[in-house]
Amino acid sequence: QVQLVESGGGLVQAGGSLRLSCAASGRTFSNYAMGWFRQAPGKEREFVAAISRSGGSTNLADSVQGRFTISRDNAKNTVYLQMNSLKPEDTAVYYCAADVSRALVVTETGNTWGQGTQVTVSS
């Protein structure tokens with residue numbers, strides 16, 4: 001099974017930017033569709049962004065369209081989430097997810113998860 005480690009979270013002011021990284025190991029990274037999810041305090045975990053194995057297809061939640069970008073570097077076994085124009089409502093623990101069987105990781109079922117990285121956006 002692939003192992004996932006997120007990094008890049010932190011505290012940022014509203015309007016600022018962060019780039020999250022998720023490094024994968026243990027399996028052939030390019031075999032996995034990848035995604036990002038987040039969980040805010042007291043809320044369910046929700047889908048944020050997904051990218052296909054080759055990186056040719058992406059999907060973003062409506063709440064982050066135009067502000068977030070997902071990308072991957074298969075040579076570096078890493079998927080990224082570039083977050084711009086951050087809002088206080090983006091505050092959450094962000095989780096990286098991987099799945100070997102689906103084209104895009106847009107739901108939680110069957111995923112392999114990282115440990116999460118905290119993003120806090122102050123107003």
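Residue numbering note: each chain is counted from 1, following its sequence as written. Selection of residues for local features in this predicted model requires a pLDDT of at least 70, selection of side-chain atom pairs for listing and counting requires 80 or more, and totals for whole chains, interfaces and linings are taken over all residues. The side-chain values count all of the structure's non-hydrogen atoms but skip hydrogen atoms and water molecules.

Colleague: An account of the side chain of S52 is needed here, citing residue identities and associated values.
Modeller: For the purposes of this entry, the term helix denotes a DSSP run of H or I that reaches at least four residues, the term strand denotes a run of E that reaches at least two, and both are numbered from the N terminus. By the secondary structure assignment, S52 is in the loop between β5 (46-51) and β6 (58-60). Separated by 3.3 Å, the side chain of S52 and the backbone nitrogen of G56 make a polar contact. Note on contacts: a residue pair is in contact if any heavy atoms of the two residues lie within 4.5 Å. If near-sequence neighbours (up to four positions away) are discounted, S52 is found in contact with S57, R72, A103 and L104. N or O atoms within 3.5 Å of each other form a polar contact, as long as, within protein, one can give a hydrogen and the other can take it, and as long as residues adjacent in sequence are counted only when both atoms are side-chain atoms.

Colleague: Give me the nonpolar core: which residues, what numbers.
Modeller: Membership of the largest hydrophobic core comes to 36 residues, with the highest contact counts inside it found for M34, W36, V79, L81, M83 and Y94. Mapped by element, the contributors of at least two residues to this core are β3 (18-25), β4 (33-39), β5, β7 (68-73), β8 (78-83), β9 (92-99) and β11 (117-122). What makes a nonpolar core is a set of buried Ala, Val, Leu, Ile, Met, Phe, Trp, Tyr and Cys residues whose side-chain atoms join them at distances within 4.5 Å. Partly exposed describes any residue whose relative accessible area lies between the buried limit of under 20% and the exposed limit of over 50%, with all areas from a 1.4 Å probe on protein chains only and scaled to the type maximum.

Colleague: I'd like a rundown of the state of the cysteines, residues and numbers included.
Modeller: When two cysteine sulfur atoms are found within 2.5 Å, that pair is recorded as a disulfide. Following the criterion strictly, the structure yields 1 disulfide and no others. Here C22 connects covalently by a disulfide to C96, the sulfurs 2.1 Å from one another. Its S-S torsion of approximately -80 degrees makes the covalent link between C22 and C96 left-handed. Note that C22 is positioned in strand β3 and C96 in strand β9, a separation of 74 residues in sequence. Accessibility assignment for this pair places C22 and C96 in one class, buried.

Colleague: Can you break down the pattern of salt bridges residue by residue, with the values?
Modeller: We define a salt bridge as a side-chain nitrogen of Lys or Arg found within 4 Å of a carboxyl oxygen belonging to Asp or Glu. Counted by the stated rule, this structure contains 5 salt bridges. Linking R45 and E108 is a salt bridge whose minimum nitrogen-to-oxygen distance equals 3.2 Å. Placement of the pair is R45 in the loop between β4 and β5 and E108 in the loop between β9 and β10 (112-113), with a sequence separation of 63 residues. Put simply, R67 and D90 hold a salt bridge, and the shortest N to O gap is 2.7 Å. Of this pair, R67 sits in the loop between β6 and β7 while D90 is found in the loop between β8 and β9, placing the two residues 23 residues apart along the sequence. No difference in accessibility class separates R67 from D90, as the two residues are buried. Beyond isolated ion pairs, a larger network of salt bridges with shared partners links R38, E46, R67 and D90.

The analysis is restricted to geometry; functional conclusions fall outside its scope.
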